[in-house]
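# Structural description and commentary
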Amino acid sequence: MIRVILPAHLRALAGVDGEVHLQVAGQVTHRSVLDALEAGYPVLCGTIRDHQGGPRRAFIRFFACERDLSHEAPDTPLPGPVATGAEPYLIVGAMAGG
Amino acid sequence: MSSVRVLVGTRKGAFVLTSDGRREQWEVTGPHFAGWEIYHVKGSPADPDRLYASQSSGWFGQVIQRSDDGGRTWQAVGNQFSYDGVPGTHQWYDGTPHPWEFARVWHLEPSLNDPDTVYAGVEDAGLFRSADGGQTWHELSGLRGHGSGPSWQPGAGGMCLHTIILDPAAPGRMFAAISAAGAFRSDDDGKTWRPVNRGLRSQGIPDEDAEVGHCVHRIAMHPSRPSVLYMQKHWDVMRSDDAGGSWREISGNLPTDFGFPIDVHAHEPDTIYVVPITSDSLHFPPEGRLRVYRSRTGGDEWEPLTEGLPQRDCYVNVLRDAMAVDSLDSCGVYFGTTGGQVYASADAGDTWAPIVRDLPAVLSVEVQTLS
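What counts and what doesn't
- Residues numbered from 1 in each chain as written.
- Chains lettered and ligands numbered in written order.
- Predicted model: local features only at pLDDT ≥ 70, side-chain atom pairs only at ≥ 80, totals over all residues.
- Pairing = 2+ DSSP bridges.
- Helix = DSSP H or I, 4+ residues; strand = E, 2+ residues; numbered from the N terminus.
- Contact = placed C-beta atoms within 7 Å.
- Nonpolar A, V, L, I, M, F, W, Y, C, P; charged D, E, K, R; others polar.
- Buried ≥ 20, exposed ≤ 12 C-beta atoms within 10 Å, placed from the backbone.

### Topic: the sheet that holds strand β20 (residues 237-240) of chain B
Residues and elements named next belong to chain B. The 4 strands lie next to each other as β18-β19-β20-β21, forming an open sheet whose pairing is antiparallel. Where the open sheet ends on each side, the last strands, each with one partner, are β18 (216-221) and β21 (248-249). Examined bridge by bridge, strand β19 (residues 229-233) and β20 share 4 bridges and lie antiparallel to one another. Paired with Gln 232 across the strands is Val 237, a residue of β20.

Below you can see the structure in the form of structure tokens.
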């Protein structure tokens, strides 16, 4: 089970409270987690990355295990504790604006 | 008894303001989609319970919301706006070619007779249509591709298609306006387009009376006389009597002819409203006095409407989509400000009162008259 923490606006859009729990088949990567997230919550399509599964939106960041993973390639395996569910995968709206 | 529903889009959410036909006591609900920019909310003329809202965010992009119960509940529908074919380039602020990139939906215009059909005007300027209640969107690329697109340039707020007008009398005729490209007309349901800017003069472009390149801020039409169009341009208030074929200036005695919104009285096609703003560099009312100006002669002769509006220390702006009228017997006029006030007049502008004073900056105001 993969644990995903969404920013507040996307939790509201998806209608979820707290963490989202996902089952991801195969290797756990940015892409496979986002694919599973969008499959479970289609309303999030286009809000984190483009509709073709391409690059993340400019003000979106991906954190896990106290590291900024935002610049990794989409198919990079996520850290082991994320894959086992020991640590969450954080999707973060970059700090900016008012 | 009739009632009115005012749909307000703001920088931080949408609000729905409702009242009976007296328009004295108001119920305010919201914020809907709190924290998101709501560029526009509009109801279907064919089904007043069907509403569409443009919800966007610099972080999370574009969402389109739809309500089937007059704004009580909403569901997100399709948000994929893909330009048709290879998008090509337009001009950037410095004149260099810049790829067409979708940023947001500025304006949603539901069909006059089918609640499932709705048009979207977007930044970078393009026109999209949905025929399934907003689930899927397809570009009407004849506008962007008619020939002048590569020369279009953004205005300060971005290169937005902000005005869509559907002609109720001429099937297939529609108008669109773009900052800073100008006005365009289609006579075949949006398949093909041509610029309709003859008579516009703009000092901020190299060729003052160029076919395209004008910063049109807003166009309004009265449904009973669709060949007459009124325009608030970056500077100048203009009028066309031949469906955009030619324009003449009607600024007359306005204190300044810069501004953003323009609208027409529901029952008097020669009565029009503007909100003069000091200048393109001073986006607030002249002398700190918030005045709506009304012409009862289709332009040229204007009177200030001040009763109930702040006449000192007022430095708000009124944006292009933030004025609307209802169609009750005594026509109501509404506008919202960047200071978060929504003002209403139940007597065609003679007197005004705020419905709310402290919303986030208002981006758009629409009104539904309900029976």
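### Quick word on the interface of chain B and chain A
How big an interface is tends to be reported as the loss of accessible area on association of its parts. The partner chain A presents 12 residues to the 12 residues of chain B that form the contact. No other element matches strand β6 (residues 61-67) of chain B, which puts 3 residues into the side of chain B that touches chain A. A per-class count over the side of chain B that touches chain A returns 5 nonpolar, 7 polar and no charged.

### Concerning the sheet that holds strand β4 (residues 37-43) of chain B
Residues and elements named next belong to chain B. With antiparallel pairing, 4 strands are arranged side by side in an open sheet as β4-β5-β6-β7. Looking at which strands have only one partner, the edges of the open sheet turn out to be β4 and β7 (75-76). Sheet topology places β6 next to β7; 2 bridges connect them, and they run antiparallel. Residue pairing across strands places Gln 65 opposite Ala 76, the latter belonging to β7.

### Notes on the pairing of strand β10 (residues 104-110) of chain B
Residue and element names in this part refer to chain B. By the criterion of burial, β10 is predominantly enclosed, with 7 of the 7 residues buried. Sheet topology note: the β10/strand β11 (residues 118-123) ladder contains 6 bridges and is antiparallel. Residue pairing across strands places Val 105 opposite Val 122, the latter belonging to β11.

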